[in-house]
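Residues per chain are reported as follows:
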Amino acid sequence: MTQRTATTRLFRLALPALLAFTLGNPANAHEFWLEPLQYRIDVNKTVQADIKVGENFKGNTYAFFPNRFVRFELHHNGRERPISSRLGARPAAAQAVDSHGLTTLTYESTYTELTYDDPAVFDNFLTLDGLDWVRQAHKERGLPDSGFTEVFRRFAKTYIGTGHAEGEDRLIGYPLEWRLEDNPYTLPGQAPLTATLFLNDEPSAGVLARVFMKSGNEDAEELRLITDANGQISIPFRADTAFLVSNVHMKEPPADVAEETGAVWESLWASAVFYRE
């Protein structure tokens, strides 16, 4: 599995001091997602979910540390509330839900800084995530083949069916975000599920979506889909299967981030996790 290398560091722009806790080495992983311990719960039960970092819907589990996120919330029936856990708690999210509906957990990470020491690592990353245009842009900007820095942020959503589970997904306001156009827990029969990718609140057309499908203890399978003119993909039905939908967007970092870190690229990562019964 391709690794993204060398030097990594977490930082919050308003708090540049060194952090007491780290994510391990984000260079050794690729995807970031929230994984519920149960995708279906009864009313007045507790939603529990792990923070996961890894590859192919398999990865390490990370604890609750507020210095790693900007927002970590539970959304249910039009209400939102921050996830409240003890420092270092696993699972990272454990929150009671007192009514029927579609429950959504959302997470916005702080920035992580990454320096590429091996050109092949950057090249493989671009190929894996459908970002081939970045190679030419990198050259046109006169950037070096190695020793350059990227910063990245993660935007994760996961969906749990509480009680009858009725409800609709909505945009949280992340710069890169998936919205499910169908409720996976009430969608009838074997109908495909439609998801829309938004970049700065506008549908993002013609970009790669990686869809991982995992049934039980089997290894995940991957679909590589391209968003249509409306920024949408159609995800085929598979019974008793968890789905992880992912996209990566690359851009030049904001001026203040570039000055703070020396970064020449910023990547945004959006994931959405749900279950089909």
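What you see is a predicted model, and the numbers here were worked out from it, not measured in a lab. (Residues numbered from 1 in each chain as written. Predicted model: local features only at pLDDT ≥ 70, side-chain atom pairs only at ≥ 80, totals over all residues. Heavy atoms only, no water.)

**Student:** How would you sum up the pairing of strand S17 (residues 232-235)? Please name residues and give values.
**Tutor:** By the alternation rule, side chains of S17 split into Ile-233 and Ile-235, which are all buried, and Gln-232 and Ser-234, of which none is buried. Bridge analysis of strand S13 (residues 193-199) against S17 gives 4 bridges, and the strand direction is antiparallel. Among the inter-strand pairings, Leu-193 is bridged to a residue of S17, identified as Ile-235. (Buried < 20%, exposed > 50% of the residue type's maximum accessible area, 1.4 Å probe, protein only. Helix = DSSP H or I, 4+ residues; strand = E, 2+ residues; numbered from the N terminus. Pairing = 2+ DSSP bridges.)

**Student:** Residues and numbers for helix H2 (residues 133-140), please.
**Tutor:** What H2 keeps buried is the set Val-134, Ala-137 and His-138. Projected down its long axis, H2 carries its buried residues within an arc of 105°, all on one side. Away from its buried face, by an angle of more than 90 degrees, H2 presents the exposed residues Lys-139 and Glu-140. Looking at the buried positions of H2, the neighbouring elements they touch are helix H1 (119-128), strand S11 (148-162), strand S18 (241-251) and strand S19 (265-276). Just beyond H2, the residue with positive phi is Gly-142, at close to 70°. (Arc of directions from axis to C-beta. Contact = heavy atoms within 4.5 Å.)

**Student:** Give me the environment of Arg-81: which residues, what numbers.
**Tutor:** As for its placement among the helices and strands, Arg-81 is situated in strand S7 (residues 79-82). For the pair Arg-81 and Leu-105, spaced 24 residues apart in the sequence, the C-alpha separation amounts to 9.9 Å. Engagement of the side chain of Arg-81 in a polar contact is seen with the backbone oxygen of Ala-96, the distance being 2.4 Å. (Polar contact = N/O pair within 3.5 Å; in protein donor to acceptor, adjacent residues only side chain to side chain.)

**Student:** Which residues make up the pairing of S13, and what values go with them?
**Tutor:** Summarising burial for S13: 5 of the 7 residues are buried, a large majority. In the sheet, strand S12 (residues 176-180) pairs with S13 via 5 bridges, with the strands oriented antiparallel. Its bridge partner lying in S13, Trp-178 is registered against Leu-197. Remark: 2 residues form the turn of the hairpin made by S13 and strand S14 (residues 202-203), two consecutive strands paired antiparallel; Asn-200 in that turn has positive phi of roughly 50°.

**Student:** Let's hear about the packing of H1 against H2: which residues, and what values?
**Tutor:** Look at H1 against H2: their axes get within 9 Å of each other, and the N-to-C directions meet at 140°. Judged on the interaxial angle alone, H2 and H1 are oblique. Of the residues in H2, those in contact with Phe-122, Asp-123, Leu-126 and Thr-127 of H1 are Val-134, Arg-135 and His-138. Partitioning the contact of H1 with H2 into residue classes produces 3 nonpolar, 2 polar and 2 charged. (Axes fitted to C-alpha atoms, helices over the stretch in contact; angles between N-to-C directions. Parallel < 35°, antiparallel > 145°, perpendicular 65-115°, else oblique. Nonpolar A, V, L, I, M, F, W, Y, C, P; charged D, E, K, R; others polar.)

**Student:** Outline the confidence of the model for the protein, supporting the account with residue identities and numerical values.
**Tutor:** When pLDDT is averaged across the protein, the result is 91; 90% of the residues are at 70 or more. Throughout residues 1-8 the model reports pLDDT below 50, and contacts reaching past four residues in sequence, or to other chains, amount to 36 contacts. Throughout residues 12-28 the model reports pLDDT below 50, and contacts reaching past four residues in sequence, or to other chains, amount to 32 contacts. (pLDDT = per-residue confidence, 0-100.)

**Student:** Outline H1, supporting the account with residue identities and numerical values.
**Tutor:** Among the residues making up H1, those that are buried are Val-121, Phe-122, Phe-125 and Leu-126. Along the long axis of H1, the arc covered by the buried residues comes to 135°, so they all point the same way. Buried-residue contacts for H1 involve strand S10 (111-116), H2, S11, S18 and S19. In this structure Asp-118 caps H1, since a side-chain oxygen of it lies 3.0 Å from the backbone nitrogen of Ala-120.

**Student:** Hey, could you go over the pattern of salt bridges for me, with residue numbers and the actual values?
**Tutor:** Across all of its chains, the model carries 20 salt bridges by this definition. Notably, a salt bridge pairs Glu-35 with Lys-214, separated by 3.8 Å at the nearest N-O pair. One end of the pair, Glu-35, is in strand S2 (residues 31-36); the other, Lys-214, is in strand S15 (residues 208-214), and 179 residues separate them in sequence. No difference in accessibility class separates Glu-35 from Lys-214, as the two residues are buried. Among the salt bridges present, the one from Arg-179 reaches Glu-181, with a minimum N-O distance of 3.0 Å. In this structure, a network of salt bridges that share partners links the residues Glu-31, Asp-129, Arg-210, Glu-222 and Arg-224. (Salt bridge = Lys/Arg side-chain N within 4 Å of Asp/Glu carboxyl O.)

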